[in-house]
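Per-entry structural report
If you want the building blocks of each chain, they are given just below.
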Amino acid sequence: TISDLKGLKQGQLKLSVITTAKYFVPRLLGPFCQRYPGVDFALQVFNHEGLLARMSENLDDLYILSQVPENLDVAAHQFLENPLVVLAQREHPLVGQQKIPIERLSGEPFIMREEGSGTRRAVEKLFNQENISVKVKLELGSNEAIKQAIVGGLGLSVLSLHTLALEGATGKLAILDVEHFPIERNWFVVYPNGKQLSVVATAFLEYLLDEGKKVAEETAMDKLH
Ligand code: PGA
């Protein structure tokens, strides 16, 4: 059992995570490290495309992402929801309105993640389905930079709700109630099928599946619902 192996758990665990998972994964490491002080982590953050490249070269123990790759043979375990929401600056006239028709976004300047981003792909898919075309005012490769740009009044954007984990939705950023949102996504922990996981990686995988949701929900996320 886990506790029998406790003394054996030491070594380094290499994790690569998707950009929006960096808002809660480091926090999840805390209780795990307390339990297994002999474990060190190396954690890197990539966009969807970057993560697939790491995975196809088998560079890490485990990966956390929100879209399971179709053309790689992987084992995938879902462990948490990852809703994508429309964000606006607090003073925006649409803040507080209910059931805003998605067509309303067409008239608004929009801030979009870079090519290769899974967030961008999910947003484009919905806009295509609903025949919406937005004016992309700015393209940015960072969720934090996008949040700054929204506050700066450059436009609206769609990001993971988890990007608000520390500040909540009561600060300078507001969530708009737009039809078809949130876009429902999930996080998965993934590794190449058949990969022999280390003792440490197995323990972390079990921890994530058993307790990940609870720890993540103890963050500011609960204030948003
Ligand atoms: P991204 O990934 O950083 O590539 O947008 C987030 C996601 O796929 O949920």
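In what follows, the structure referred to is the one given above.
Residues numbered from 1 in each chain as written. Predicted model: local features only at pLDDT ≥ 70, side-chain atom pairs only at ≥ 80, totals over all residues. Heavy atoms only, no water.

Re the sheet that holds strand β9 (residues 173-176)
The 5 strands are arranged β7-β6-β8-β5-β9 in an open sheet whose pairing can be described as mixed. Whereas interior strands pair on both sides, the edge strands pair on one side only; in this sheet they are β7 (135-140) and β9. For this sheet the average axis-to-axis angle between neighbouring strands, irrespective of direction, equals 40°. Two strands pair when backbone bridges link them, and strand β6 (residues 109-113) and strand β8 (residues 156-160) are joined in this way by 2 bridges, in the parallel orientation. Across the sheet, residue I111 finds its bridge partner in β8, namely S157. The strands touched by helix α4 (residues 118-129) are β5 (84-89), β6, β7 and β8; relative to β6, the strand with the most contacts, the crossing angle is about 135°. Packing of helix α5 (residues 143-151) onto the sheet brings it into contact with β5, β6, β7, β8 and β9, and relative to β6 it is tilted by some 170°. (Pairing = 2+ DSSP bridges. Helix = DSSP H or I, 4+ residues; strand = E, 2+ residues; numbered from the N terminus. Axes fitted to C-alpha atoms, helices over the stretch in contact; angles between N-to-C directions. Contact = heavy atoms within 4.5 Å.)

Description of the site of the ligand
Close to the ligand lie I18, T19, T20, N47, H48, S66, N82, R113, S117, G118, T119 and R185, which account for all nearby residues. At 2.8 Å, a backbone N or O of H48 approaches an oxygen atom of the ligand. At 2.5 Å, a side-chain N or O of R185 approaches an oxygen atom of the ligand. Its residues assigned to classes, the shell around the ligand shows 1 nonpolar, 9 polar and 2 charged. (Near = heavy atom within 4 Å. Polar contact = N/O pair within 3.5 Å; in protein donor to acceptor, adjacent residues only side chain to side chain. Nonpolar A, V, L, I, M, F, W, Y, C, P; charged D, E, K, R; others polar.)

Things to note about the sheet that holds strand β3 (residues 62-65)
Strand order in the open sheet formed by 5 strands is β2-β1-β3-β10-β4, and the pairing between neighbours is mixed. Of all strands in the sheet, those bounded by a partner on one side alone are β2 (39-46) and β4 (74-81). The average undirected angle you get between the axes of adjacent strands in this sheet is 25°. Strand contacts of helix α2 (residues 25-35): β1 (11-18), β2 and β3, with the helix running at about 170° to β2, the strand carrying the most contacts.

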